[in-house]
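# Geometric and topological summary
If you want the building blocks of each chain, they are given just below.
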Amino acid sequence: MIVKPRVRGFICTTAHPTGCTAHVAAQFDVVGANGDLDTSVKKALVIGCSGGYGLASRIVLTEACSADTIGVSFEKPPSDAKTATAGWYNNVAFDELAAARGRFAKTLDGDAFSDEMKVRVIEEIREHFGQIDMLIYSLASPVRQHPRTGTLHRSVLKPLGEMLDMKSINVDTGEVNQVTLEPGTDEEVANTVAVMGGEDWEFWVDALRDVGALADGFRTLAFTYIGSDLTWPIYWDGTLGKAKEDLDRAASALRDRLQGIGGSARIVSLKSVVTQASVAIPVVPLYVSLLFRVMKQQGSYETLIEHVYRLFATQLNTGAEQRLDEGGRIRVDDLELKDAVQDEVKRLWPLVTSENIDEIADLEGFRNDFLRIFGFGFACVDYDADVDPTLGKDVETF
Ligand code: NAD
């Protein structure tokens, strides 16, 4: 099969098998070049391991911390006629690269919100690890079937209080336009909190603690985005922000519950990057395109993997002095939120139009990052070559 990108709005319905492999390998290379870390994490669980921040965390844990990992994600395998999702290829590549380094890596595909997946993971931990010393919770999902009530909750990306009329961009055409969004209702807030809030993270930690699967000094992290006042109307002050507030609540509750084993639970506020989850948020692609341009010009731009490496190196390494905010969150979004960066993005925001976007924003960088998620745009890959979408795997049993 010859695989080309097929982009529909903010998703690409194809993924390139060897391109995704190249993407994962490139991230391993960046971490390898940055050097080993001493985090004393040796056995870790990563929920949401197949892309974005979860995959990058798993790579840093493997390559820099020499940790063995179990990962959980929800990806679609390939068929003879259709490519798999990018995350499926990423998992295959990750498992192979980890094994080549002598690290144990087991990846489970299925619904992390379900009780069944928690049972499966506990069995794997029992068999291979005994206990884990870190859990990274990096899920981003639009839906959650609640394991206790059976209700299917759908999250929404909406402002709150008032109608929002804001500048945005059509990522397909590059046209700068206005989006008008109705405010979310109380029910929509509750659903979004049910999907992206902290309850499932708590379910995971409680289930693992109850069976003695957490080592003394266990640490768990979940990720948030706070961002600047430019994105607050759609993010922090919107439905998703309410879910992230609930994640803060869960972190504090988990810190109390983990005291007995000297454990900790922290929210990490990360920078905005291009991932499958973030491109779906209105306004964010325009903000990110301007932000990338400004940060590249000012020399403070980091790729996703560099950002996660910095999180581990400066905030999680043994002896690191953590930079916590007043809410007890670890902040590594400091470079994005620097006055010099934000002042410039805010100066450009009212000026950007469909005509000048290529000069004053980094739409090309945004698009390149977007395509790379699906394995496109790597110089080492021959995109005209025939590739086996199954990568030679027995898809049924993999
Ligand atoms: P992503 O879309 O790249 O990855 C999401 C992961 O969740 C994938 O591995 C996917 O397979 C998995 N997943 C989704 N539903 C699942 C399910 N039901 N069961 C098992 N796995 C499932 O997302 P991302 O952007 O890396 O986001 C991860 C976290 O980081 C989120 O909490 C997000 O809010 C946060 N964050 C993202 C950004 C950003 O700009 N992307 C910035 C700051 C914080």
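For the structure, see preceding data.
Below, the structure is looked at part by part.

With that settled, the discussion passes to the packing of helix α1 (residues 17–34) against helix α2 (residues 52–63). Interhelical geometry of α1 versus α2 gives an angle of 50 degrees and a closest axis separation of 9 Å. Between α1 and α2, the angle falls in the class oblique. The hand of the α1/α2 crossing is right-handed. Note on element contacts: α2 touches α1 through Leu-55, Ala-56, Ile-59, Val-60, Thr-62 and Glu-63, opposite Val-24, Gln-27, Phe-28, Val-31 and Gly-32.

This part is about unusual backbone geometry. Look at Ser-40: it is not a glycine, yet its phi comes out positive at around 50 degrees. Within the secondary structure layout, Ser-40 lies in the loop between α1 and β3 (43–47). Positive phi outside glycine occurs at Ser-66, with the angle close to 55 degrees. Looking at where Ser-66 falls in the secondary structure, it is placed in the loop between α2 and β4 (68–73).

This paragraph deals with the sheet that holds strand β12 (residues 264–269). The sheet built from seven strands is open, its strands ordered β5-β4-β3-β6-β11-β12-β13 with parallel pairing. Strands with a single pairing partner mark the edges of an open sheet, and in this sheet they are β5 (105–109) and β13 (330–331). Sheet analysis places β12 next to β13, joined by two bridges and oriented parallel. Counterpart to Val-268 in the pairing with β13 is Ile-330.

Over its 13 residues, helix α9 (residues 304–316) runs 17 Å from end to end, which matches the ideal 18 Å to within 8%, given 1.5 Å per residue. Counting buried residues in α9 gives ten out of 13 residues, a clear majority hidden from the surface. Every buried residue of α9 is listed here: Leu-304, Ile-305, His-307, Val-308, Tyr-309, Arg-310, Leu-311, Phe-312, Gln-315 and Leu-316. Packing partners of the buried residues in α9 comprise α1, α2, β6 (132–137), β11 (214–224), β12 and β13.

Okay, the packing of aromatic side chains next. Here the distance between the centres and the angle between the planes together describe a pair of aromatic rings. Here the structure, examined in full by the defined rule, presents nine aromatic pairs. Aromatic side chains Trp-88 and Tyr-89 sit 5.5 Å apart centroid to centroid with 85 degrees between the ring planes, which places their arrangement in the edge-to-face category. On the basis of relative accessibility, which here comes to 5%, the residue Trp-88 falls in the buried class. What makes Tyr-89 buried here is its relative accessible area of 0%. When the centroid spacing of 5.2 Å and the interplanar angle of 85 degrees are considered together, the rings of Tyr-225 and Tyr-235 count as edge-to-face. Of this pair, Tyr-225 sits in the loop between β11 and α7 (239–257) while Tyr-235 sits in the loop between β11 and α7, and the two are ten residues apart along the sequence. Between Lys-271 and the ring centre of Tyr-301, over which it is positioned, the NZ or CZ distance is 4.6 Å. We note Lys-296 situated over the ring of Tyr-301; from NZ or CZ to the ring centre the distance is 4.7 Å.

With that settled, the discussion passes to the site of the ligand. Among the 30 residues in the neighbourhood of the ligand, the closest are listed as Ser-50, Glu-75, Ala-112, Lys-244 and Thr-275. Backbone polar atom of Phe-74 to an oxygen atom of the ligand: 3.1 Å apart, as the coordinates give it. At 3.5 Å, a backbone N or O of Ala-140 approaches an oxygen atom of the ligand. Contact with the protein chains covers 91% of the free accessible surface of the ligand, which is 830 Å². Counting only elements with at least two residues in the shell around the ligand, the list comes to α2 and β11. A per-class count over the shell around the ligand returns 13 nonpolar, 13 polar and four charged.

The next thing to look at is the pattern of salt bridges. Per the stated rule, a full pass over the model turns up 28 salt bridges. A salt bridge links Asp-325 to Arg-329, with the nearest nitrogen and oxygen atoms 2.7 Å apart. Neither Asp-325 nor Arg-329 differs from the other in exposure class; each is buried. Its salt-bridge partner being Asp-325, residue Arg-331 comes within 2.9 Å of it at the nearest N-O pair. Given the relative accessible area of 16%, Arg-331 is considered buried. Connected via shared salt-bridge partners are Glu-202, Asp-206, Arg-209, Asp-210, Asp-246, Arg-249 and Arg-257.

Turning our attention to a positive patch on the surface. On the surface, a cluster of positive charge is made up of Arg-6, Arg-8, Lys-76 and Lys-82. Here Lys-82 is to be found in the loop between β4 and α3 (86–100). Residue Lys-82 is classed as exposed on the basis of its relative accessible area, which comes to 52%.

Thresholds, definitions, all that
Residues numbered from 1 in each chain as written. Predicted model: local features only at pLDDT ≥ 70, side-chain atom pairs only at ≥ 80, totals over all residues. Heavy atoms only, no water. Axes fitted to C-alpha atoms, helices over the stretch in contact; angles between N-to-C directions. Helix = DSSP H or I, 4+ residues; strand = E, 2+ residues; numbered from the N terminus. Parallel < 35°, antiparallel > 145°, perpendicular 65-115°, else oblique. Left-handed = near helix turned anticlockwise from the far one by under 90°. Contact = heavy atoms within 4.5 Å. Pairing = 2+ DSSP bridges. Expected span 1.5 Å × (residues − 1). Buried < 20%, exposed > 50% of the residue type's maximum accessible area, 1.4 Å probe, protein only. Phe/Tyr/Trp six-rings, centres within 6.5 Å; stacked < 30°, edge-to-face > 60°. Lys NZ or Arg CZ within 6 Å of the ring centre and 35° of its normal. Near = heavy atom within 4 Å. Polar contact = N/O pair within 3.5 Å; in protein donor to acceptor, adjacent residues only side chain to side chain. Areas by Shrake-Rupley, 256 points an atom, 1.4 Å probe, with all protein chains shown as cover. Nonpolar A, V, L, I, M, F, W, Y, C, P; charged D, E, K, R; others polar. Salt bridge = Lys/Arg side-chain N within 4 Å of Asp/Glu carboxyl O. Patch = residues over 30% accessible without salt bridge, like charges linked within 9 Å, V, L, I, M, F, W, Y side chains within 5 Å. Lys, Arg positive; Asp, Glu negative; His and termini not counted. Charge placed at Lys NZ, Arg CZ, Asp CG, Glu CD.

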